Amino acid sequence: MRHLTVLCALLGALSASAEWTYDSTAKTLSDGNWKFGVEIVARGTQMNVKTFQQGSGDLDMSDLYGYDASPTVPLKTFPAKFFMNKSDLGAVTFPDTVTVVPSSMFEGSSLVEFTGLSVKQVSGASFKSCKKLVKVTFGDDFSVIDGADSFSGCSALTTIVPHELKVTRCGNYCFSGTASLTDCPNFTVLTNVPSYMFNASAITDLRFPVATNIVQQATNDVQQAGGEAPQATNDVQ
């Protein structure tokens, strides 16, 4: 009976820790495991994360709102390099109010999976050298991979959702070194394919159905990884 009581207490603590609370005095946002310093800006209409105070493991901010002590204004931004080189990071889910992954936010971290259904833009080196990252999931509004090296060095990455990407702009080397990525998404609206986009990747079939400018280096540098050069196609398969 005592063991059951202790188990119930632990489960209750875990459940309670899932509720995000905003402390207006300390200016912190916390779920019991994670704790961030925040600021309210834009005349009280927007919250921005400013500092990291504590936390490890999985970070799920999909249920940021809806509790008695939840923030009453939308969380909008994180700083650049916020989780850079963090070695105890697991899966991360953004709230639906955050639309941009800032520069080098996860660079060199132990991130294993990312979900951002409202994310519209990934910045330069946002996920660079996340060697444990296996899957990234975005929503229908995802449209920009800005700056260089956004996903470069993500050697374990195998899955990008959705498969039909409405990305209008990509930076150089954005998927360079994705040695496990064999199934290329359909870049359905991308017209300018940048240099070294899939350098040293495992891609065997590149799909750019409306591309008018495909830089040669984007399609042949997989040979540096010891494979055959992939063929770019304007046919969605």
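Residues numbered from 1 in each chain as written. Predicted model: local features only at pLDDT ≥ 70, side-chain atom pairs only at ≥ 80, totals over all residues. Heavy atoms only, no water.

Novice: Could you clarify how one ought to interpret the packing of aromatic side chains in this entry?
Specialist: A ring pair, where both rings are aromatic, is described by two values, the distance of the centres and the angle of the planes. Under the criterion given, the structure shown has 27 aromatic pairs. Taken together, a centroid distance of 5.5 Å and an interplanar angle of 70° make the contact between F36 and F82 edge-to-face. Here the residue F36 occupies a position in strand β3 (residues 35-41), and F82 occupies one in the loop between β6 (75-77) and β7 (89-93), the gap between them amounting to 46 residues. Classification of F82 by relative accessible area gives buried; the value is 12%. Between the aromatic rings of F52 and F82, the centroid separation amounts to 6.2 Å while the plane-to-plane angle is 75°, which identifies the pairing as edge-to-face. Taken together, the positions of F52 in strand β4 (residues 46-54) and F82 in the loop between β6 and β7 put the pair 30 residues apart, joining distant regions of the chain. For F52, a relative accessible area of 34% corresponds to the partly exposed category. (Phe/Tyr/Trp six-rings, centres within 6.5 Å; stacked < 30°, edge-to-face > 60°. Helix = DSSP H or I, 4+ residues; strand = E, 2+ residues; numbered from the N terminus. Buried < 20%, exposed > 50% of the residue type's maximum accessible area, 1.4 Å probe, protein only.)

Novice: Sorry, what's going on with the sheet that holds strand β15 (residues 169-170) here?
Specialist: Paired through their backbone hydrogen bonds, the strands of a sheet run either parallel or antiparallel. Strand order in the open sheet formed by four strands is β8-β10-β12-β15, with parallel pairing between adjacent strands. Strand pairing shows two members of the sheet lacking a second neighbour, β8 (100-101) and β15, which therefore form its edges. Two strands pair when backbone bridges link them, and β8 and strand β10 (residues 121-122) are joined in this way by two bridges, in the parallel orientation. Residue V100 lies in a different strand from β10, and its bridge partner there is Q121. (Pairing = 2+ DSSP bridges.)

Novice: Sorry if this is basic, but what is going on with the state of the cysteines here?
Specialist: Simply put, disulfide is the name for a covalent bond between the sulfur atoms of two cysteines. Scanning the entire structure with this criterion turns up zero disulfides. As a non-bridged cysteine, C130 has C154 as the owner of its nearest cysteine sulfur, 5.1 Å distant. Residue classification places C130 among the buried positions, given a relative accessible area of 0%. Counting only cysteine sulfurs, C174 is the nearest neighbor of C170, a cysteine outside any disulfide, at a range of 4.4 Å. (Disulfide = S-S within 2.5 Å.)

Novice: Honestly, the nonpolar core in this entry has me stumped. Any pointers?
Specialist: Inside soluble globular proteins, nonpolar side chains tend to come together where they are buried. Counting residues in hydrophobic clusters, the biggest one holds 53 residues, and the most contacted among them are F36, F106, F114, F127 and F187. Sorting the residues of this core by element identifies β3, β4, β7 and β11 (135-138) as the ones contributing at least two each. Aside from chain neighbours lying at most four places away, what touches F114 is V92, F94, V101, F106, V119, F127, L133, K135, V136, T137 and F138. (Core = buried A, V, L, I, M, F, W, Y, C linked by side-chain atoms within 4.5 Å. Contact = heavy atoms within 4.5 Å.)

Novice: Could you clarify how one ought to interpret the sheet that holds β11 in this entry?
Specialist: Spatially, β5-β7-β9-β11-β13 is the arrangement adopted by the five strands of the open sheet, whose pairing is parallel. The strands lining the two open edges of the sheet, one partner per strand, are β5 (57-60) and β13 (159-161). The mean inter-strand angle of the sheet, taken between neighbouring strand axes irrespective of direction, is 10°. Here four bridges tie strand β9 (residues 113-116) to β11, and the two strands are oriented parallel to one another. From the neighbouring strand, G116 faces β11, where its bridge partner is F138. (Axes fitted to C-alpha atoms, helices over the stretch in contact; angles between N-to-C directions.)

Novice: Explain the confidence of the model for the chain to me, please; I cannot follow it from the model alone.
Specialist: The predicted coordinates of low-pLDDT regions are not to be read in fine detail. Overall, the predicted model of the chain reaches an average pLDDT of 86, with 84% of residues at or above 70. Counting contacts from residues 4-17, a segment whose pLDDT is below 50, to residues more than four positions away or on other chains yields three contacts. The model gives residues 220-231 a pLDDT under 50, and that stretch makes 24 contacts with residues more than four places away or in other chains. (pLDDT = per-residue confidence, 0-100.)

Novice: Would you explain the environment of V193 in this entry?
Specialist: Structurally, the position occupied by V193 is in strand β17 (residues 192-193). V193 gets classed as buried once you look at its relative accessible area, which sits at 0%. Between the C-alpha atoms of V193 and T168, which are 25 residues apart in sequence, the distance is 9.8 Å.

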